[in-house]
Amino acid sequence: MQRTPTVVDVATAAQVSRQTVSNVLNSPDIVRPATRERVERAIAELGYRPNAAARRLRTQRSSTLGIRLDHEQNGISGVVLDRFLHALVEAADARRFRVLLFTADSPEDEIAQIEALIEGADADGFVITATAENDPRLSWLHDRNVPFVSFGRPWGVPLDAWDSYPWVDIDGRAGVRGATQHFLAAGTQRVGYLGWPTRFGQDDERRQGWVEAMDAAGTPHDDLELAVEDDVDAAAAAVRTALSAGVTFEAVVCASDTLALGARMALPAAVPVVGYDDTPVAGALGIPSVAQPLVEAARAVVDVLLGSTGHAVLPAPAGHHLLEPSVVWR
């Protein structure tokens, strides 16, 4: 049986001290780039993996990120967080971190779960998803200096305070605006928007992308906007009602693939529909859709928590990333 490589083997191969190897593993920023590259090359060639249990005892860190596993969601677009979670696990693993999943029935319950994980030293930092207006989770974590990053902007927090909240998000406004501009540039004028009743956070961001594109083109649109809950049947019924009332659509841009499927069922085949989230359903049915860069988002979350090269959660993560989506045309 082949012997498992040790830190001494890495140090010997890289011609450095054991402490230098330890620094590369735990505090790479303090090691000169040439030396760090030599040690990392030796680690890769030898297939060395640090002893996680010994490291946790030595550093009093768990090398674990906590994230709530949401209950099963209705709607086609519920798959998006599943994709993000998978990408997060891969991004964390690349930095020798694990992801711990836990459940909670409410924001307050999630806070209680996080507090228990902190007391048990079971997680070094947390990823918060599905942020909402004046989200109590963000203020609780922020006020107690608990390392965290939210996948979603800190809605409701004054804009001048956003820099003190670490977050990563997708620019839904840009995605919907780009889809709408595509139709307008082709001479299509009657571009409708099918969104949600709530006008806050990502709901309003996506709607504003459509409004901005229509206003910039000088195209009237008061009768082209519909709002329903994220449900296929509700979306189809809303579109049919509008058609019965004499509203004409030359194209429709939607806030989700769930709404897009409903619109597709109700509209003539010649009227193009664009969804949001690029789910497997949209792909299977040939519906164009705005695709979120979820792998890039997961990597950005890990970078904010750990720094660009480190292998430990930063004491006070800071910074944010607003990533731009792209339309998958079919």
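Going by the structure above, here's the rest.
Please read all numbers here as calculations on a predicted model, not as lab measurements.

Within the protein, the regular secondary structure consists of 13 helices and 12 strands. Across the 330 residues that make up the protein, the buried fraction comes to 50%. For the protein, restricting intrachain contacts to residue pairs at least 6 apart in sequence, the fraction spanning at least 24 positions comes to 63%. Between the mean site of the 29 positive side-chain charges and the mean site of the 44 negative ones, the protein shows a separation of 11 Å.

Another point: unusual backbone geometry. The backbone of Ala-121 sits at a positive phi, close to 55°, despite the residue not being glycine. Within the element layout of this structure, Ala-121 appears in the loop between α6 (107–119) and β3 (125–129). One non-glycine residue, Asp-277, lies in positive phi territory at about 120°. Tracing the chain through its elements places Asp-277 in the loop between β9 (273–276) and α12 (280–285).

On the basis of which strands lie adjacent, the open sheet formed by six strands has the order β2-β1-β3-β4-β5-β11 and parallel pairing. This sheet does not close on itself; its edge strands, each paired only once, are β2 (98–102) and β11 (320–323). Adjacent strand axes in the sheet meet at a mean angle of 20°, parallel and antiparallel pairs treated alike. Direction of pairing for strand β1 (residues 64–68) relative to β2: parallel, over a ladder of five bridges.

Across the sheet, six strands lie side by side as β7-β6-β8-β9-β10-β12; this open sheet has mixed pairing. Of all strands in the sheet, those with a lone pairing partner are β7 (225–227) and β12 (326–328), marking the two edges. The average angle at which neighbouring strand axes cross in this sheet is 25°, direction not considered. Here two bridges tie β9 to strand β10 (residues 289–291), and the two strands are oriented parallel to one another. Along β10, the bridge assignment pairs Tyr-276 with Val-290. Across the face of the sheet, helix α8 (residues 172–185) comes into contact with β6 (191–195), β8 (251–254), β9, β10 and β12 while running at roughly 175° to β8. Across the face of the sheet, helix α9 (residues 202–216) comes into contact with β6, β7 and β9 while running at roughly 170° to β6.

Another point: the nonpolar core. Phe-84, Val-168, Leu-194 and Phe-249 are the most contacted members of the largest nonpolar core, which has 65 residues in total. Looking at this core, the element that brings in the most residues is helix α13 (residues 294–306), giving nine residues. Once residues lying within four places of it in the same chain are set aside, the contact partners of Phe-84 are Ile-67, Val-127, Thr-129, Phe-151, Leu-294, Ala-297, Ala-298 and Val-301. Of all hydrophobic cores here, the second largest spans 17 residues; its members include Phe-102, Ile-111, Leu-138 and Trp-167.

Here we come to the environment of Ala-161. Relative to the elements of secondary structure, Ala-161 occurs in the loop between β4 (148–151) and β5 (167–170). Ala-161 sits in the partly exposed class, given a relative accessible area of 23%. Taking C-alpha positions, Ala-161 is 27 Å from Trp-210, a pair spaced 49 residues apart along the chain.

Looking now at the packing of helix α5 (residues 79–94) against α13. Across the interface, α5 lies against α13 with an axial gap of 8 Å and an inter-helix angle of 50°. If you check the angle between α5 and α13, you find them oblique. Two packed elements cross with a definite hand, and for α5 against α13 that hand is right-handed. Together, Val-80, Arg-83, Phe-84, Ala-87, Leu-88, Ala-91 and Ala-92 of α5 and Leu-294, Val-295, Ala-297, Ala-298, Arg-299, Val-301 and Val-302 of α13 make up the contact between the two elements. When its residues are assigned to classes, the contact of α5 with α13 shows 12 nonpolar, no polar and two charged.

Here we come to α6. Because an α-helix packs 3.6 residues into every turn, residues spaced three or four apart end up facing the same way. Counted at 1.5 Å a residue, the expected span for α6 with its 13 residues is 18 Å, and the 18 Å between its end C-alpha atoms agrees. Where α6 is concerned, the buried positions are Glu-110, Ile-111, Ile-114 and Leu-117. Down the axis, α6 shows its buried residues gathered within 125° of arc, on one side only. The exposed residues of α6 that point more than 90 degrees off its buried face are Glu-108 and Glu-119. Where the residues of α6 are buried, they touch β1, β2, β3 and α7 (136–143).

Moving on, we come to the packing of aromatic side chains. For the coordinates displayed, the defined rule picks out six aromatic pairs. Aromatic side chains Phe-183 and Trp-329 sit 5.7 Å apart centroid to centroid with 90° between the ring planes, which places their arrangement in the edge-to-face category. In this pair, Phe-183 is assigned in helix α8 and Trp-329 in the segment after β12, connecting sequence segments 146 residues apart. By relative accessible area, Trp-329 is classed as partly exposed at 37%. Following the ring pairs from residue to residue traces out a cluster consisting of Trp-155, Trp-162, Trp-167 and Phe-200. One residue, Arg-206, lies across the ring of Tyr-276, its end atom 3.6 Å from the ring centre.

Moving on: the environment of Val-274. Within the secondary structure, Val-274 sits in strand β9. Accessibility expressed as a relative area gives 0% for Val-274, which makes it buried. As for Val-274 and Leu-194, which are separated by 80 residues in sequence, their C-alpha atoms are 9.9 Å apart.

Parameters at a glance
Residues numbered from 1 in each chain as written. Predicted model: local features only at pLDDT ≥ 70, side-chain atom pairs only at ≥ 80, totals over all residues. Heavy atoms only, no water. Helix = DSSP H or I, 4+ residues; strand = E, 2+ residues; numbered from the N terminus. Buried < 20%, exposed > 50% of the residue type's maximum accessible area, 1.4 Å probe, protein only. Contact = heavy atoms within 4.5 Å. Lys, Arg positive; Asp, Glu negative; His and termini not counted. Charge placed at Lys NZ, Arg CZ, Asp CG, Glu CD. Pairing = 2+ DSSP bridges. Axes fitted to C-alpha atoms, helices over the stretch in contact; angles between N-to-C directions. Core = buried A, V, L, I, M, F, W, Y, C linked by side-chain atoms within 4.5 Å. Parallel < 35°, antiparallel > 145°, perpendicular 65-115°, else oblique. Left-handed = near helix turned anticlockwise from the far one by under 90°. Nonpolar A, V, L, I, M, F, W, Y, C, P; charged D, E, K, R; others polar. Expected span 1.5 Å × (residues − 1). Arc of directions from axis to C-beta. Phe/Tyr/Trp six-rings, centres within 6.5 Å; stacked < 30°, edge-to-face > 60°. Lys NZ or Arg CZ within 6 Å of the ring centre and 35° of its normal.

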